[in-house]
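Below, each chain spelled out in residue letters.
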Amino acid sequence: MITLVLSSCPSSLRGHLTRWLTEVSANVFVGKVTPRIREKIWTLVTENLRSGRAIMTFPSRESEQGYDFEVLNHEWEVVDADGLKLVRRPRKTRPSQSDAPKPGWSRAGRKRRFGR
């Protein structure tokens with residue numbers, strides 16, 4: 001069984017997807033298809049979804065979790081952590097040097113210890 005969630009989906013793509021999948025909610029499709037059809041569906045989505053986003057989950061024997069997923073036009077990225085697939089939201093900015101902890105005493109610690 002696969003689950004496909006779309007955002008900003010053109011109605012023509014929704015029509016194509018209803019050939020193989022059932023739309024259970026707005027832009028949420030589920031269905032049981034072969035891996036060959038699943039790949040064709042993902043190709044159809046990647047070719048027709050311009051600015052929208054798509055996430056598809058499907059069963060996988062190779063995965064420890066028993067499922068795998070594909071992500072398109074999403075700010076989150078897929079990370080493989082020792083055989084486990086995770087989704088991580090990347091940081092908008094890199095941590096700067098000022099964010100790093102500074103060695104030495106804090107102000108409260110100096111005041112308590114040295115009376116300053």
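Residues numbered from 1 in each chain as written. Predicted model: local features only at pLDDT ≥ 70, side-chain atom pairs only at ≥ 80, totals over all residues. Heavy atoms only, no water.

Draft legend 1. Region of interest: the overall build of the protein chain. Each helix and strand counted, the protein chain has three helices and seven strands in total. Counting helices and strands in the order they occur from the N terminus, the protein chain gives β-α-β-β-α-β-β-β-β-α. Counting every position in the protein chain, which comprises 116 residues, the buried fraction comes to 24%. Within the protein chain, counting contacts between residues at least 6 apart in sequence, those at least 24 apart form 38% of the total. Here the protein chain displays about 8900 Å² of accessible surface, and carbon together with sulfur accounts for 49% of that area. (Helix = DSSP H or I, 4+ residues; strand = E, 2+ residues; numbered from the N terminus. Buried < 20%, exposed > 50% of the residue type's maximum accessible area, 1.4 Å probe, protein only. Contact = heavy atoms within 4.5 Å. Areas by Shrake-Rupley, 256 points an atom, 1.4 Å probe, with all protein chains shown as cover.)

Draft legend 2. Fine view of the packing of aromatic side chains. Under the defined criterion, the tally for this structure stands at one aromatic pair. Arg38 extends its terminal NZ or CZ atom over the ring of Phe58, reaching a point 3.9 Å from the ring centre. (Phe/Tyr/Trp six-rings, centres within 6.5 Å; stacked < 30°, edge-to-face > 60°. Lys NZ or Arg CZ within 6 Å of the ring centre and 35° of its normal.)

Draft legend 3. Broad picture of the environment of Lys85. Its location among the elements puts Lys85 in strand S7 (residues 84-88). Through-space distance from the C-alpha of Lys85 to that of Asp68 is 7.2 Å; in sequence the pair is 17 residues apart. Setting aside residues no more than four positions away along its own chain, Lys85 makes contact with Gln65, Asp68, Phe69, Val78 and Val79. Within the local environment of Lys85, its side chain forms a polar contact with the side chain of Asp68, the two groups lying 3.2 Å apart. (Polar contact = N/O pair within 3.5 Å; in protein donor to acceptor, adjacent residues only side chain to side chain.)

Draft legend 4. Quick peek at the sheet that holds strand S4 (residues 53-59). In spatial order, the strands read S2-S3-S1-S4-S5; together these five strands make up an open sheet with antiparallel pairing. The sheet is open, and its two edges are formed by strand S2 (22-25) and strand S5 (67-72), each paired on a single side. In this sheet, neighbouring strand axes are inclined to one another by 20° on average, regardless of whether the strands run parallel or antiparallel. Examined bridge by bridge, strand S1 (residues 2-7) and strand S3 (residues 28-31) share four bridges and lie antiparallel to one another. (Pairing = 2+ DSSP bridges. Axes fitted to C-alpha atoms, helices over the stretch in contact; angles between N-to-C directions.)

Draft legend 5. Looking closely at helix H2 (residues 35-48). Across its 14 residues, H2 extends 20 Å between first and last C-alpha, which sits within 8% of the 20 Å expected from 1.5 Å per residue. Along H2, the positions that sit buried rather than exposed are Ile37, Arg38, Ile41, Trp42, Leu44 and Val45. For H2, the angular spread of the buried residues around the axis is 160°, confining them to a single face. Facing away from the buried side of H2, by more than 90 degrees, are the exposed residues Arg36 and Glu47. Residues of H2 that are buried in the fold lie against S1, helix H1 (11-17), S4 and S5. (Expected span 1.5 Å × (residues − 1). Arc of directions from axis to C-beta.)

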